[in-house]
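The lines below spell out each chain.
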Amino acid sequence: MLTPVSGAPQLSASTQLINKGEYLARIGDCIACHTQPTGIAFAGGRAMHTPFGALYVPNITPDDETGIGLWTSDEFYRMMHSGLARNGSLLYPAMPYPQYTQVTRADSDAIYAYLMSITPVKQKNREHELRFPYNNRDLLIGWRTLYFKEGEYKPDPKQSVDWNRGAYLVKGLGHCAMCHTAVNALGGSSEAKAFEGGMIPNQNWYAPSLTSNKEAGLGNWTIKEITDLLQSGVSHRGTVYGPMAEVVFNSLQYMTDDDAKAMAVYLKALPQKEESAPPTSQARLVSPETMELGRKVYVAQCVMCHGDNGRGQPPAYPPLAGNQSITMETPVNSIRMVLNGGYPPGTKKNPRPHGMPPFSHILNDDEVAAVTTYIRVAWGNTGTPVNAKQVNDLRILLPE
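Reading guide: rules and limits
- Residues numbered from 1 in each chain as written.
- Predicted model: local features only at pLDDT ≥ 70, side-chain atom pairs only at ≥ 80, totals over all residues.
- Heavy atoms only, no water.
- Helix = DSSP H or I, 4+ residues; strand = E, 2+ residues; numbered from the N terminus.
- Expected span 1.5 Å × (residues − 1).
- Buried < 20%, exposed > 50% of the residue type's maximum accessible area, 1.4 Å probe, protein only.
- Contact = heavy atoms within 4.5 Å.
- Pairing = 2+ DSSP bridges.
- Phe/Tyr/Trp six-rings, centres within 6.5 Å; stacked < 30°, edge-to-face > 60°.
- Axes fitted to C-alpha atoms, helices over the stretch in contact; angles between N-to-C directions.
- Parallel < 35°, antiparallel > 145°, perpendicular 65-115°, else oblique.
- Left-handed = near helix turned anticlockwise from the far one by under 90°.
- Nonpolar A, V, L, I, M, F, W, Y, C, P; charged D, E, K, R; others polar.
- Core = buried A, V, L, I, M, F, W, Y, C linked by side-chain atoms within 4.5 Å.

A.B. asks: Looking at this structure, I do not really get helix α5 (residues 105–117). What am I missing?
C.D. replies: Since the α-helix packs 3.6 residues into each turn, any two residues three or four apart lie on the same face. Here α5 spans 18 Å end to end across 13 residues, near enough to the 18 Å set by a 1.5 Å rise per residue. Buried within α5 are the following residues: Asp107, Ser108, Ala110, Ile111, Tyr112, Ala113, Tyr114 and Leu115. At its buried positions, α5 is contacted by α1 (13–27), α3 (73–82) and α7 (161–173).

Structure follows, in C-alpha cells:
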C-alpha cells in the first residue's frame with residue numbers, strides 16, 4: 001500500500017536544475033541586455049552604445065540557426081569563464097565575462113540548462129558597428145592582458161558563509177563592479193579601484209562609490225536598510241533611480257531573502273578607502289541671489305514631497321537632508337533627477353512606487369542649477385554649488 005507524501009510534489013532533478021538556472025540568470029540580469037525593449041526575451045538585437053561604437057547583443061535562445069541551440073554546456077562555460085565564443089573568437093567585454101569568470105561550473109551548467117529550456121526564437125544577430133580600429137578583435141588580446149584575470153571565485157576561509165556568498169554574487173553574477181568602477185579610455189578598469197565609483201559610459205549617470213560613506217558606502221547602514229534597497233528599490237535611507245532601478249526591477253527583486261542578506265553583509269563590509277578632504281568653505285560659497293532663487297523653486301516644486309526641512313517622507317519620498325547621493329562631489333545624478341524625474345522600480349515588495357516628475361519643461365537652466373545647489377547646501381548638507389552650464393550639458397542629452 002502506498003503512503004501519500006505530504007507537502008508539495010517532488011520536482012525532478014532536471015526541473016530543479018532549470019529552476020536554479022532561471023534564478024541565477026535573474027541574478028546575472030541576462031534579460032536586461034539580451035532583450036530589446038519591445039522584443040522577445042533573450043532574442044537579442046539590443047544596441048549597446050559604447051565610446052567605440054554600437055554593439056548588438058546576440059540571441060541566446062536555443063534556436064539552432066540564430067541562437068545557442070547547438071552549443072554544448074562545455075562551450076557555454078568556456079564563454080562565461082574565458083570570454084570565448086563558440087567559434088573561439090574573443091568576446092567584447094560589454095559581455096561581463098571579466099566578472100562571470102568567477103561563476104562556478106555548476107552554476108554555469110544550471111544557467112545553460114535554463115536557457116536551453118526556453119522557447120527558441122529565430123532572430124538573426126546583427127553585426128556590430130564599431131569604429132576602426134576597435135572593430136579589430138585582435139586588439140582584445142592586449143585588452144585581456146591588461147584587464148582580464150580568469151578564475152572561479154574561491155571562498156575566503158577567514159570570512160563567514162554570508163560574506164562569501166555575498167562576495168560571490170556581487171563580484172560574479174551581479175557584476176556590480178562593471179558600473180561602480182571607473183573605466184579608462186580603453187574601456188578597462190583597475191582592480192585596485194574596484195567599487196570606487198565612476199560615470200557609466202554613454203548613459204550619463206554616475207554609479208557612486210561603494211567604498212566611501214560620502215557616496216554609496218554602506219558602512220553606516222543596517223543590513224535591513226541595505227536588503228530593502230536591493231529587493232524593493234526603496235528604504236528609509238534612500239531610493240534607486242536610473243540604471244540601478246532597472247537592475248532592481250529585472251534582477252535584484254527576485255533574490256531570496258538569504259541571498260539579499262548575504263549581498264548586504266558583503267557590501268557593508270567593503271573596506272572604506274581613504275577619502276578626500278571635504279570641500280572647503282570657499283568651494284561651498286553660494287551667492288545670496290542663487291540661494292534665494294533655489295529656495296523659491298524648492299518651495300514651489302519640491303516641498304510638498306520632501307518637506308521644508310528636507311527630511312522627506314521615507315520610504316515613499318526620500319530625504320534630501322543628509323542624503324549622501326545629494327552631496328557627492330559630482331552633481332550629475334541630482335541634476336538629472338531634477339531635469340528628467342524618475343521612478344523607483346515596481347517590485348514585489350514595493351508594487352506601487354512613488355515617483356518624481358520631470359521639471360525640464362518647467363525650469364530653465366538657471367532655476368535647475370539654483371534648486372540643485374540649494375538642496376546640496378541646505379540643512380547642513382556639504383555639497384558644492386551647481387552652475388547653469390552643467391545643467392545645459394545634461395539637458396541636451398537624451399535621457400537613458
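A.B. asks: Would you take a moment to explain helix α10 (residues 242–250) for this structure?
C.D. replies: Listing the buried residues of α10 in full gives Pro243, Ala245, Val248 and Asn250. Contact partners of the buried residues in α10: α1, α2 (30–33), β4 (198–200), β5 (205–207) and α9 (223–232).

A.B. asks: Just to check I follow, could you spell out the pairing of strand β1 (residues 47–50) for this structure?
C.D. replies: A regular strand places its side chains so that they alternate between the two faces of the sheet. Both β1 and strand β2 (residues 53–56) contribute to a ladder of four bridges, which runs antiparallel. Note on β2: the bridge partner recorded for Thr50 is Gly53. Linking β1 to β2, which pair antiparallel, is a turn of two residues.

A.B. asks: Explain the packing of aromatic side chains here, please?
C.D. replies: Describing an aromatic ring pair means giving the distance of the ring centres and the angle of the ring planes. By the definition in use, this model includes 10 aromatic pairs. Where Tyr97 meets Phe148, the ring centres are 5.0 Å apart and the plane angle is 90 degrees; that geometry is what we call edge-to-face. Taken together, the residues Tyr97 in helix α4 (residues 97–100) and Phe148 in the loop between α6 (139–147) and α7 connect sequence positions 51 residues apart. You'll find Tyr97 and Phe148 in the same group, each marked buried. Residues Trp163 and Tyr266 carry aromatic rings whose centres are separated by 5.1 Å and whose planes lie at 70 degrees to one another, so their mutual orientation is edge-to-face. With Trp163 in helix α7 and Tyr266 in helix α11 (residues 257–269), the pair connects residues that are 103 residues apart, well separated along the chain.

A.B. asks: Explanation requested: the packing of helix α16 (residues 365–377) against helix α17 (residues 388–395) in the structure shown.
C.D. replies: Between two packed helices, both the angle of their axes relative to each other and the distance between the axes serve to describe the pair. Where α16 meets α17, the axes come as close as 8 Å, and the angle between the chain directions of the two elements is 115 degrees. Put simply, α16 runs roughly perpendicular to α17. Considering the relative orientation of α16 and α17, their crossing is right-handed. On α17, the residues touching Asp365, Asp366, Val368 and Ala369 of α16 are Ala388, Val391, Asn392 and Arg395. Split by residue class, the contact of α16 with α17 holds four nonpolar, one polar and three charged.

A.B. asks: Can you help me understand the pairing of β2 in this one?
C.D. replies: Pairing of β2 with strand β3 (residues 129–130), which is carried by two bridges, proceeds in the antiparallel orientation. By the bridge assignment, Gly53 is partnered in β3 with Leu130.

A.B. asks: Help me out: how do you make sense of the nonpolar core in this one?
C.D. replies: Note on soluble globular proteins: their nonpolar side chains tend to be buried together. In terms of nonpolar packing, the biggest core is built from 62 residues, with Phe76, Met80, Leu115 and Phe195 touching the most fellow members. Counting residues per element, this core draws most heavily on α7, at six residues. With 26 residues, the next largest nonpolar core counts Tyr241, Val338, Val368 and Ala378 among its residues.

A.B. asks: Honestly, the sheet that holds β2 in this entry has me stumped. Any pointers?
C.D. replies: Strand order in the open sheet formed by three strands is β1-β2-β3, with antiparallel pairing between adjacent strands. Each edge of the open sheet is held by one strand with a lone partner, namely β1 and β3.

Keep in mind that these numbers describe shape and distance, not what the molecule does.
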